[in-house]
Amino acid sequence: MSYNLLKGKRGLIFGALNEMSIAWQVAERAHEEGATIVLTNAPAAMRLGEIHELAKKCNTIAIPADATNLTDLENVIVKGMEQVGGKFDFILHSIGMSPNVRKSIPYDNINYDYYLKTLDISALSFHKLLQVARKHDAINEWGSVVALSYVAAQRTLFGYNDMADAKAALESIARSFGYIYGTEKKVRINTISQSPTITTAGSGVKGIGSLIDFTDRMSPLGNASALECADYCISLFSDLTRKVTMQNLFHDGGFSNMGMSERAMMQYDKSFDEGQ
Ligand SMILES: NC(=O)c1ccc[n+]([C@@H]2O[C@H](COP(=O)([O-])OP(=O)(O)OC[C@H]3O[C@@H](n4cnc5c(N)ncnc54)[C@H](O)[C@@H]3O)[C@@H](O)[C@H]2O)c1
């Protein structure tokens, strides 16, 4: 359902790899809500080709950019503004990758070259994007920038590996840059901490199936889907949330504030009985 929440707004969306991607859902919803958007992804991801189908659906183009590369970021900001016909009102950073996770290298035996890559792709790229956007004065006043995070930034979840450190840095960048960009240009910067979701990046996390089942049962409202996450992004890009900035906003059905549920307690007691 469309509410025309983004009518007349221009947006830049990073990270739509395939239909499962959270960014894919955000792009479709932003288009439905009346925004003019431009898409981007890493050159390797673009070669897979699916993003061009999305671009067609959203009546736009996709511009390749490695989000760790400042020249690529300059190019996507400048060409992106040309494509949408002006400065951006919203930007989505939906980027994450850990070579340590991909190669199943455990946190206590980490490869430090890979670790730096994780931090560069999943956290520093957000700082780079904001710095380049500010340099080009590419975001309108009261514009909104959102990056996607995960509760492993605050709590230890087995198997999330060095991505937990990257998410902690990402959330800190949102606060630090949120202060600067907010004071100067009224640009708001937030992170959304999303439930575990089956996507290409999500599927790399060790034990993702059990984790999704656990958080779904533990959350009073159940896990949030990629589409529900997209709806939340739209609300943050809209004018209805103009005084929300420098926040990490949990979008997880309540999971992050749970300790023990009645159901989990019953299951715990039962498994104890069975074990005796
Ligand atoms: N899926 C989950 O369980 C979950 C939960 C919370 C947060 N998130 C976060 O959501 C965001 C989107 O992930 P997703 O789950 O939609 O998976 P996804 O695999 O669909 O998206 C990740 C994207 O990052 C892009 N990317 C990787 N390296 C890049 C680079 N150097 N430059 C530009 N782009 C690059 C990939 O091409 C891909 O499009 C990530 O930040 C992820 O950590 C995911």
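Scroll up to find the structure this text is about.
Here's a quick rundown of the structure. Just so we're clear, the structure is a prediction, and the values are computed from it rather than from any experiment.

### A few points about the overall build of the protein chain
Turning to step 1, where the next piece is worked out: The number of helices and strands found in the protein chain is eleven helices and seven strands.
Turning to step 2, where the next piece is worked out: Radius of gyration (C-alpha) of the protein chain: 19 Å, near the 19 Å computed for a compact globule of 276 residues.
Turning to step 3, where the next piece is worked out: Dimensions of the protein chain along its principal axes, counting C-alpha atoms only, are 70 × 45 × 40 Å.
Turning to step 4, where the next piece is worked out: Here the protein chain, with 276 residues, has 44% of them falling under the buried criterion.

### Looking at the site of the ligand
Turning to step 1, where the next piece is worked out: What surrounds the ligand is a group of 28 residues, the closest being Ser21, Gly96, Thr199, Ala201 and Gly202.
Turning to step 2, where the next piece is worked out: If you list the elements that add at least two residues to the shell around the ligand, you get helix H1 (22-32), strand E5 (139-149) and helix H8 (200-203).
Turning to step 3, where the next piece is worked out: The element best represented in the shell around the ligand is H8, accounting for three residues.
Turning to step 4, where the next piece is worked out: For the shell around the ligand, the residue count by class is 15 nonpolar, twelve polar and one charged.

### Overview of H1
Given 3.6 residues to a turn, an α-helix orients residues that are three or four positions apart in the same direction.
Turning to step 1, where the next piece is worked out: Counting buried residues in H1 gives nine out of eleven residues, a clear majority hidden from the surface.
Turning to step 2, where the next piece is worked out: Of all the residues in H1, the buried ones are Ile22, Ala23, Trp24, Gln25, Val26, Ala27, Arg29, Ala30 and His31.
Turning to step 3, where the next piece is worked out: Where H1 ends, the next residue or the one after it, Gly34, has phi of about 95 degrees, a positive value.

### Examining the packing of helix H4 (residues 70-84) against helix H6 (residues 112-135)
In helix packing, the relevant descriptors are the interaxial angle and the interaxial distance, both defined with respect to the helix axes.
Turning to step 1, where the next piece is worked out: For the pair H4 and H6, the least separation of the axes is 10 Å and the interaxial angle reads 50 degrees. For the element pair H4 / H6, the angle class is oblique. Seen from above, H4 lies across H6 with right-handed handedness. When H4 is examined against H6, the residues Leu70, Leu73, Glu74 and Ile77 are found in contact with a partner set consisting of Lys128, Leu129, Val132 and Ala133.
Turning to step 2, where the next piece is worked out: Counted by class, the contact of H4 with H6 contains six nonpolar, no polar and two charged residues.

### Brief notes about the nonpolar core
Within soluble globular proteins, side chains that are nonpolar tend to cluster in buried spots.
Turning to step 1, where the next piece is worked out: Counting residues in hydrophobic clusters, the biggest one holds 71 residues, and the most contacted among them are Ile13, Ala16, Ala23, Val26, Ala27, Leu39 and Cys233.
Turning to step 2, where the next piece is worked out: In this structure, Ala27 is in contact with Ile13, Ala16, Ile37, Leu39, Leu54 and Cys58, ignoring residues within four places of it in sequence.

### Here's the deal with the pairing of strand E2 (residues 36-41)
Turning to step 1, where the next piece is worked out: Among the six residues in E2, six count as buried, and that is most of the element.
Turning to step 2, where the next piece is worked out: Side chains Thr36, Val38 and Thr40 project from E2 onto one buried face, and the interleaved Ile37, Leu39 and Asn41 project onto a second face that is buried too.
Turning to step 3, where the next piece is worked out: The pairing of strand E1 (residues 10-14) with E2 spans five bridges and is classified as parallel. Looking across to E2, one finds that Ile13 is bridged to Leu39.
Turning to step 4, where the next piece is worked out: For the crossover from E1 across H1 to E2, the handedness is right-handed.
Turning to step 5, where the next piece is worked out: With three bridges connecting them, E2 and strand E3 (residues 62-64) associate as parallel partners. Following the sheet pairing, Thr40 is matched in E3 by Ile63.

### Let's talk about unusual backbone geometry
Turning to step 1, where the next piece is worked out: We note that Asn4 has phi near 55 degrees; this positive angle belongs to a residue other than glycine.
Turning to step 2, where the next piece is worked out: Looking at the element boundaries, Asn4 is found in the segment before E1.
Turning to step 3, where the next piece is worked out: Look at Ser104: it is not a glycine, yet its phi comes out positive at around 50 degrees.
Turning to step 4, where the next piece is worked out: Relative to the helices and strands, Ser104 resides in the loop between helix H5 (99-102) and H6.

### Regarding the environment of Arg10
Turning to step 1, where the next piece is worked out: Here Arg10 lies in strand E1.
Turning to step 2, where the next piece is worked out: When the C-alpha atoms of Arg10 and Gln25 are compared, they prove to be 17 Å apart, with 15 residues separating the residues in sequence.
Turning to step 3, where the next piece is worked out: In this view, Arg10 contacts Ala35, Thr36, Val84, Gly86, Phe88 and Asp89; residues no more than four positions away in its chain are not counted.

### So, the sheet that holds E1
Turning to step 1, where the next piece is worked out: Ordered by their spatial adjacency, seven strands build an open sheet running E3-E2-E1-E4-E5-E6-E7, and the pairing between neighbours is parallel. At either margin of the open sheet sits one strand with a lone partner, and together these are E3 and strand E7 (248-251). Pairwise comparison of adjacent strand axes, ignoring direction, gives a mean angle of 20 degrees for this sheet.
Turning to step 2, where the next piece is worked out: Sheet analysis places strand E6 (residues 188-194) next to E7, joined by four bridges and oriented parallel. Bridge assignment links Thr191 to a residue of E7, and that residue is Asn248.

### Overview of the packing of H1 against helix H10 (residues 226-237)
Turning to step 1, where the next piece is worked out: The N-to-C vectors of H1 and H10 enclose an angle of 55 degrees; their axes lie 8 Å apart at closest approach. Comparing their axes, H10 and H1 come out oblique. In the crossing of H1 with H10, the sense of the turn from one axis to the other is right-handed. Seen from H1, the contacting residues are Ile22, Gln25, Val26, Arg29 and Ala30; seen from H10, they are Ala226, Leu227, Cys229, Ala230, Asp231, Cys233, Ile234 and Phe237.
Turning to step 2, where the next piece is worked out: Among the residues forming the contact of H1 with H10, the class breakdown is ten nonpolar, one polar and two charged.

Calculation notes
Residues numbered from 1 in each chain as written. Predicted model: local features only at pLDDT ≥ 70, side-chain atom pairs only at ≥ 80, totals over all residues. Helix = DSSP H or I, 4+ residues; strand = E, 2+ residues; numbered from the N terminus. Rg over C-alpha atoms; globule rule 2.2 N^0.38 Å. Buried ≥ 20, exposed ≤ 12 C-beta atoms within 10 Å, placed from the backbone. Near = placed C-beta within 6 Å. Nonpolar A, V, L, I, M, F, W, Y, C, P; charged D, E, K, R; others polar. Axes fitted to C-alpha atoms, helices over the stretch in contact; angles between N-to-C directions. Parallel < 35°, antiparallel > 145°, perpendicular 65-115°, else oblique. Left-handed = near helix turned anticlockwise from the far one by under 90°. Contact = placed C-beta atoms within 7 Å. Core = buried A, V, L, I, M, F, W, Y, C linked by C-beta atoms within 7 Å. Pairing = 2+ DSSP bridges. Right-handed = clockwise from strand over helix to strand, strands pointing away.

By themselves, these figures tell us nothing about what the structure is for.
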